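Read off the chains here:
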Amino acid sequence: MALFTYETKKDTRSGFGAGMEYLSQHNPKVVALCADLIGSLKLEGFIKNSPERFFQTGIAEANMIGISAGLTLGGFIPYATTFANFGTGRVYDQIRQSVAYSGKNVKICCSHAGLTLGEDGATHQILEDIGLMKMLPGMVVINPCDYNQTKAATIAIAEYEGPVYLRFGRPVVPVFTPEDQKFEIGKAVHLVDGTDVTILATGHLVWEAIQAAEALLEKGIKAEVINIHTIKPLDVQAILASVKKTGCVVTAEEHQYNGGLGDSVAQYLAMNHPTPMEFVGVNDSFGESGKPAELMEKYGLNAEAIVAKAIKVMARK
Amino acid sequence: MQTQEIQKISSQVRRDILRMVHGCQSGHPGGSLGCTDLLVDLYFNTMNLKTDAAGKVVFDMDGKNEDLFFLSNGHISPLIYSVLARRGYFPTAELATFRKIDTRLQGHPTPHEHLEGIRIASGSLGQGLSVSIGSAQAKKLNGDSSTVFCLMGDGEQNEGQVWEAAMYAPHHKVDNLIAFIDENGQQIDGPTEKVMSNRDLQAKYEAFGWNVMRMDGNDATDIQNTLIKAKAALGQGSPIMIIMKTEMGAGVDFMMYSHKWHGVAPNDQQLQDALAQLEETLGDY
């Protein structure tokens, strides 16, 4: 039986574009910057409505981050946009000094995160960005799961004062969360009730986690699925309540084990409630070219992989 | 303001710099002394700063409707701290805390400790021009006609981000910006010509579309005249770059004509020898 259904598939980056189009009409303080990737970031709607509030930086991401920091002086809310690799790892020091340490209200919004950008290969498939960004003091890190949630997150972060990293992707994925949902930073979304194992998923892996829960149910295993759209600050109350009930946990993300959601959960549980735990993610490896689904299978980032880890972790209780 | 008045303040600022660096036995006196004349002119003469009814400067982070200055080469922090304190942003007594535990006067400037007058962290080089451009564009969006100033080092021109910013500002007609390069010809590993030649900075910035001027950064009269000329050239479609020749260590004879004093603190005797060359005009902190 399907736990969740969907009518359409859309890319999360289009959810970002829709959120930006909404902000162009509803928040005059929001400005957008892009490093020569307007089409990929779906910014056409924002630019059409508010051309004076859009800044093309060319292929110069370091400068884009610095300009964003400067634009905050005077009350603007800059959304600096590019691919996740170029918007985080390439400009880490600029984000660290000019944004995070300087406490500037800059939103770093990046598409094409993870393996699912596909054929372009490892140069573009950053799998370290969550870790890089969450290590910065004061940085909020958000990885929404579908079109509707990405749109809601894009709109919500304008209301939050402080630096944010918003991560989304290229492929079309099922749209299964409510339209016009309220997005609360740091508030996990409970998707499926269960008592045998907790599955904490983020981004594209949330849908896979739901599929895994369905497959586990057919084996008589009741998995609890929680959407951790905000990796930092982590909703530790929701996590703790669930693992106290189930006694074991699997994390799932399109990211390295190192520095990802699993790493944050493990750190919290080790200190507060040691719990058997398994990770679904990329284990200290770069990606490669291929179709998104092929890559997710090869690197063990799909529902099947989550099912296998769930069974493994339950045996460790 | 008369240049004699500016020079009096500069003498005191140079004393502050030397005493701060001596007090913690760390920091960067050479470039700080070299850029003193410029910063004193900016904060005491050229820039329009927000003040209260009594004429005291008032700090708020947004800095709307006032001129803003960004220090990109953050290692000359003793200079900006002294100038801000002497201008009235915070008590001069706080200069004694420079680089010491729990201080707001961190080794490199930061708004993280809520020090009045500092709007961005700098220290990791090459970022300040981008920030200044963003701030200038925010002013344009706000219909704010005031000016943004930015100081960089000449060694800092090695950084690639500087040239991303150099390309961006003329393209976007950021013509409410006056930037400076402190051309002292020195960087940590030696003369810039030897470490990484800038070749012809004027030709480079002109090719990028900047209105480039030159001045003697240790001559108070030339600074005043050049800044009058630069301000008259604002609003004409191009950002302005002033390449200013300075001497590291300017004002202290044994610290000049060498990069030796880039990041070295004077000992007790050297401090006394240096202070003997600089009149105490406003009272030491």
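Residues numbered from 1 in each chain as written. Chains lettered and ligands numbered in written order. Predicted model: local features only at pLDDT ≥ 70, side-chain atom pairs only at ≥ 80, totals over all residues.

**Here's the deal with the overall build of chain B**
Going by this rule: Only DSSP runs of H or I with at least four residues qualify as helices, and only runs of E with at least two residues qualify as strands; both kinds are numbered from the N terminus onward. Radius of gyration means the value over C-alpha atoms here, while the globule rule gives 2.2 Å times the residue count to the 0.38 power. Buried residues are those with 20 or more other C-beta atoms within 10 Å of their own C-beta, exposed residues have 12 or fewer, and partly exposed residues lie in between; C-beta atoms are placed from the backbone. Two residues form a contact once the distance between their C-beta atoms, set from the backbone, is within 7 Å.
Helix and strand counts for chain B come out as 10 helices and seven strands. For chain B, whose C-alpha radius of gyration is 18 Å, the value lies close to the compact-globule estimate of 19 Å for 285 residues. Counting over 285 residues, chain B shows a buried share of 49%. The contacts of chain B with a sequence gap of at least 6 include a subset with a gap of at least 24, amounting to 75%.

**Digging into the sheet that holds strand β11 (residues 223–227) of chain A**
Residues and elements named next belong to chain A. Short version of the rule: What makes two strands pair is DSSP finding at least two bridges between them. Interaxial angle, 0 to 180 degrees, is taken between N-to-C directions of lines fitted to C-alpha atoms, where a helix line uses only the stretch in contact.
Strand order across the open sheet formed by five strands is β9-β11-β10-β13-β14, with mixed pairing between neighbours. Every interior strand has two partners, whereas the edge strands, β9 (189–192) and β14 (277–282), have only one. The average angle at which neighbouring strand axes cross in this sheet is 25 degrees, direction not considered. Bridge count between strand β10 (residues 197–201) and strand β13 (residues 249–256): four bridges; the pairing is parallel. Across the sheet, the residue bridging to Thr198 is Val249, located in β13. Across the sheet, helix α9 (residues 205–218) is in contact with β9, β10, β11, β13 and β14; its angle to β11 comes to roughly 170 degrees. Contacts between helix α10 (residues 236–246) and the sheet are confined to β10, β11 and β13, with β10 contributing the most and set at about 150 degrees to the helix.

**Digging into the pairing of β11 of chain A**
Residues and elements named next belong to chain A. Most of β11 sits inside the fold, with five of its five residues counted as buried. Neither face of β11 is open: one carries Ala223, Val225 and Asn227, the other Glu224 and Ile226, and all of them are buried. Two strands pair when backbone bridges link them, and β9 and β11 are joined in this way by three bridges, in the antiparallel orientation. Paired with Val189 across the two strands is Asn227, which belongs to β11.

**Looking at the domain arrangement of chain A**
Residues and elements named next belong to chain A. Stated precisely, the cut-off is as follows: Domains are outlined according to an automatic or database domain assignment. Polar here means any residue outside two lists: the nonpolar Ala, Val, Leu, Ile, Met, Phe, Trp, Tyr, Cys and Pro, and the charged Asp, Glu, Lys and Arg; Gly therefore counts as polar.
Domain boundaries in chain A define domain 1 (9–174) and domain 2 (189–314). Taken over C-alpha atoms, the centre of domain 1 sits 25 Å from the centre of domain 2. Each partner contributes to the interface: domain 1 provides 28 residues, whereas domain 2 provides 30 residues. Put simply, the parts of the chain that give the side of domain 1 that touches domain 2 at least two residues each are α7 (129–134), β6 (140–142), α8 (147–156) and β8 (172–174). Split into classes, the residues belonging to the side of domain 1 that touches domain 2 amount to 15 nonpolar, nine polar and four charged.

**Here's the deal with the environment of Ser24 of chain A**
All names here are of chain A. Here Ser24 is to be found in helix α1 (residues 12–26). Ser24 sits in the buried class, given 22 other C-beta atoms within 10 Å. Beyond its immediate sequence surroundings of up to four residues, Ser24 is in contact with Gly45, Phe46, Asn49 and Ser50.

**Details of the packing of helix α3 (residues 36–46) of chain B against helix α4 (residues 77–87) of chain B**
All names here are of chain B. The criterion, for reference: Comment on the angle field: the value is read as roughly parallel under 35 degrees, roughly antiparallel over 145, roughly perpendicular from 65 to 115, and oblique elsewhere. For any pair of crossing helices, the crossing counts as left-handed if the nearer helix is rotated counterclockwise from the farther one by less than a right angle, and right-handed if it is rotated clockwise.
Where α3 contacts α4, the axes come no closer than 10 Å and their chain directions differ by 30 degrees. The angle between α3 and α4 falls in the class roughly parallel. At the point where α3 passes α4, the crossing takes the right-handed sense. For the pair formed by α3 and α4, the contact residues are Thr36, Leu39, Val40, Tyr43 and Phe44 on the first element and Leu79, Ile80, Val83 and Arg87 on the second. Tallied by class, the residues present in the contact of α3 with α4 amount to seven nonpolar, one polar and one charged.

**A short note on the sheet that holds strand β6 (residues 211–216) of chain B**
Either a parallel or an antiparallel arrangement is found when strands of a sheet pair, and the pairing is made through backbone hydrogen bonds. All names here are of chain B. In spatial order, the strands read β1-β2-β3-β7-β6; together these five strands make up an open sheet with parallel pairing. Of all strands in the sheet, those with a lone pairing partner are β1 (68–71) and β6, marking the two edges. Across this sheet, the average inter-strand angle for adjacent strands is 20 degrees, counted without regard to direction. Pairing between β1 and strand β2 (residues 148–153): four bridges, direction parallel. Bridge pairing in β2 places Phe69 opposite Phe149.

**Some points on the interface of chain B and chain A**
Of the residues lining the interface, 28 residues belong to chain B; the matching set on chain A comes to 22 residues. Counting residues per element, the side of chain B that touches chain A draws most heavily on helix α5 (residues 128–141) of chain B, which supplies 10 residues. Each residue belonging to the side of chain B that touches chain A can be placed in one class, and the counts come to 10 nonpolar, 13 polar and five charged.

**Some details on the environment of Gln149 of chain A**
Residues and elements named next belong to chain A. Among the structural elements, Gln149 can be located in helix α8. For the pair Gln149 and Phe176, spaced 27 residues apart in the sequence, the C-alpha separation amounts to 9.2 Å. Residue contacts for Gln149: discarding those within four places in its chain leaves Pro144, Thr177, Gln181, Phe183 and His229.

**Quick notes on the nonpolar core**
Residue and element names in this part refer to chain A. Note the threshold: A set of buried Ala, Val, Leu, Ile, Met, Phe, Trp, Tyr and Cys residues, joined to one another through C-beta atoms within 7 Å, is what we call a nonpolar core.
Counting 175 residues, the largest nonpolar core has Ile199, Ala209 and Ile306 as its most contacted members. It is α9 that provides the largest number of residues to this core, a total of eight residues. Those residues in contact with Ala209 that lie beyond four places of it in its chain are Ile199, Ala201, Val225, Ala252 and Ile306.

**Notes on helix α11 (residues 261–272) of chain A**
Residue and element names in this part refer to chain A. Our working definition: The length a helix should cover is 1.5 Å for every residue beyond the first.
Between the first and last C-alpha of α11 there are 17 Å, a value that for 12 residues agrees with the 16 Å anticipated at 1.5 Å per step. Inspection of α11 places Leu261, Gly262, Asp263, Ser264 and Val265 among the buried residues, and these make up the whole buried set. Among the structural elements, α7, β10, β12 (230–232), α10, β13 and β14 are those in contact with the buried residues of α11.

**Topic: the packing of α10 of chain A against α11 of chain A**
Residue and element names in this part refer to chain A. At their nearest, the axes of α10 and α11 sit 11 Å apart, and the two run at 65 degrees to each other. In the packing of α10 onto α11, the handedness of the crossing is right-handed. Between α10 and α11, the residues in contact are Val236, Ile239, Leu240 and Val243 and Val265, Tyr268, Leu269 and Asn272, respectively. For the contact of α10 with α11, the per-class residue count stands at seven nonpolar, one polar and no charged.

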